[in-house]
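Chains, contacts and geometry: an overview
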Amino acid sequence: MTSPSVLKGRTWVWPDDVNTDIIIPFRFKARTNDPVEMAKYAMYGFDPEFYKKVKAGDLFVAGKNFGGGSSREQAPVAIKYSNVAAVIAESFARIFYRNCFAIGLPALEVPGISKQVKQFDEIEINLQDWSVTTRDGGVHPAVKVPEFLRGLMREGGLVEYYKRHHNFPWETLETKAVAR
Amino acid sequence: MRQGILNDDSLTFAEKIISIRADGAEKIHRPGDITVLPVDLAMAQDSTGPLAIKVFGEMGVPRVWDPSKIHLVIDHSFPAPDEKVANLHHLMREFVKKYGVRLVEGSISHQHLLENHVVPGMVLFGADSHTCQAGAVGAFATGIGSSEMAAVWASGKLWVKVPESIKVNLTGQFKKGVFARDIVSHFIGTVGEDGGNYRSIEWKGPAVKDLSIASRACISNNSMECGCKLSIFEVDASTQEYFRSKNRKSMYEIHAGSKASYKDEYDIDIGKIVPEVAEPGNVDKVKEVGEVEGTPVDQAFIGSSTNGRYEDLVVAAKILKGHKVKTGTRCVITPASKSVFEQAIKNGLAEIFLQSGAVFTNATCGACVGTHLGVLGENEVCISSSPRNYIGRMGAITSKIYLSSPATAAASAIEGKIADPRRYL
């Protein structure tokens, strides 16, 4: 599975510090290994009915430190299998951010974005330029990410990448300095 | 080259350990650099391991890189509280049989690894955010997700970005009723939930020598609550004595250089810290105990990887001895490992707990994660020595969790409301 390079969708706007216990409580994620089942508990801490309200192709726009707390990959998996196409945040917690690339869920860090977007705005993400276009036409570049991670995301995450290449993207990486 | 890096006075702990351990060790890595580390120990537990097993199967990797370095730990919901959890535990045991990796049941991973496997200078990845606990003895230890864990099982390597570092200078002496947990809570309250995000924290200063290895483990473990990648106490005489007693040898004893550069520096005078409590919802809503004293609690929980060590249970026993848990309040005490459990029974702590009316459970993550042994119902309130007070963490999304040291939780159990532990010590 390869992601399209432009994603258009309506937004769900979330506050700062949305942690992984809110995204999927432990007691649900610890009882299943099925991503479709996990999706039924996406954003449960805020709204146990979220899974009935979300539409395929919707986008998340969050404040700072999205995905803090537990390492649970079930958090981005629950979001992805809710058919949310991408997550944009002012900033991400470290493990959650890594997990997004590992499972092929586009995650863009865009400082200031939460003030530019309202609930259910239609916005556009360009995965080629790594930027977000808001309803008013404003283009907001996301924080740069090493090419090997964007490639991993485009190919759909580690499972798809490994099946295709029989190695992991960092195994062929020249170690080098990056901007951030 | 390795010796040169070890002696380089300009490097932080993180820069130094990554530069030494990176494939080839041919150059010095600075914050922002991306490189690949060979892994000495890989751990997944019963809420991240099953997904890693699934991913590993989907990748179609025929074998694991080194079964002796892979630990599967059944700790979060042990023994299984229901059929769904039991099935996932079964999946883990089948994987252990098929690939010959190590299985641990009934001790919390971080405590089990510290007691039995971690050594200074090693590279440890865990599919659990609190893996950073092993930084307490100078290891590179950090949390990852399940898919990256599957990739580690396959290849024995993983990419890392070199983090910027924060230095915390600890001075002064503990006042009565104040413990390691209060220091780290105070720090998280100061820097905020993401104040350490992507960063390596180095705990330094003259007061470090007064901290036991267990207290350092508490601080390194709980540092995760500000998002850090590493939380480090360098090897000192106490660390060396700890490993001598366990007959394990360091891989590298790494010390940050005196000219290393830090993104931020903090000074904490331990003598000015009082018992601290984090209010429900966010770990950084930290208050002095006096500000929340008197809040009624339905449950007090003493345990978890943050505060379920023997020294924690000793303090709880000291407070509970000769007292009764308030009628209408539950007190649940859960040791972090089988060896802590055994010690508590052998040395008479279990008897004190039972006489006080507390429930003393087997070693597990237990109530902290809301699957068993102390789940909260609608609108119930708990004071807990566990690491997180997020919405619905321990049960119903309307329940509320206050975080504190084991001492504050024990005193609160006696009074049935949040209480200052200093009255009991």
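Below is a summary of the structure that appears in this document.

What counts and how
Sequence order sets the numbering: in each chain, residues are counted from 1 along the sequence as written. Just so you know, chain letters begin at A and ligand numbers begin at 1, following the order they were written in. The predicted nature of this model means local features are confined to residues of pLDDT at least 70 and side-chain atom pairs, given and counted, to a pLDDT of 80 or more, with totals for whole chains, interfaces and linings taken over all residues. To qualify as a helix, a DSSP run of H or I must reach at least 4 residues; to qualify as a strand, a run of E must reach at least 2; elements of each kind are numbered from the N terminus. We call two residues in contact whenever the C-beta atoms placed from their backbones are within 7 Å. Residues are called buried when their C-beta atom has 20 or more other C-beta atoms within 10 Å, exposed when it has 12 or fewer, and partly exposed otherwise; all C-beta atoms are positioned from the backbone. The rule for pairing is simple: two strands pair if DSSP sees at least two bridges between them. Note on geometry: axes are C-alpha line fits, over the in-contact stretch for helices, and angles between N-to-C directions span 0 to 180 degrees.

This paragraph deals with the environment of B:S185. Residues and elements named next belong to chain B. Mapped onto the elements, S185 comes out in helix 7 (residues 180-191). Taking the C-alpha atoms as reference points, S185 and S223, 38 residues apart in sequence, are found 8.6 Å from one another. In contact with S185, other than residues within four places in its own chain, are E276, A278, V286 and L403.

Let us now look at unusual backbone geometry. The step from B:F78 to B:P79 runs through a cis peptide bond, and the omega angle for that step is -10°. Tracing the sequence through the fold places B:P79 in the loop between strand 3 (70-74) and helix 4 (83-99). Unusually for a residue other than glycine, A:F120 sits at a positive phi of about 70°. Looking at the secondary structure, you find A:F120 in the loop between strand 4 (107-109) and strand 5 (122-126). Here B:N379, not a glycine, exhibits a phi torsion of approximately 65°, which is positive. Mapped onto the elements of the fold, B:N379 is located in the loop between strand 16 (359-360) and strand 17 (381-384).

Before going further, it helps to spend a moment on the environment of A:L149. Residue and element names in this part refer to chain A. By secondary structure assignment, the location of L149 is in helix 7 (residues 147-154). You can call L149 buried: it has 20 C-beta atoms within 10 Å. Here the alpha-carbon distance between L149 and F101, two residues 48 residues apart in the chain, equals 6.4 Å.

All names here are of chain B. Taken in spatial order, the four strands line up as 10-9-8-11 in an open sheet, and their pairing is parallel. The strands lining the two open edges of the sheet, one partner per strand, are strand 10 (230-232) and strand 11 (264-269). With direction set aside, neighbouring strand axes in the sheet form an average angle of 15°. Alignment of strand 8 (residues 164-171) against strand 11, held across six bridges, turns out to be parallel. Looking at strand 11, one finds that V168 is bridged to Y266.

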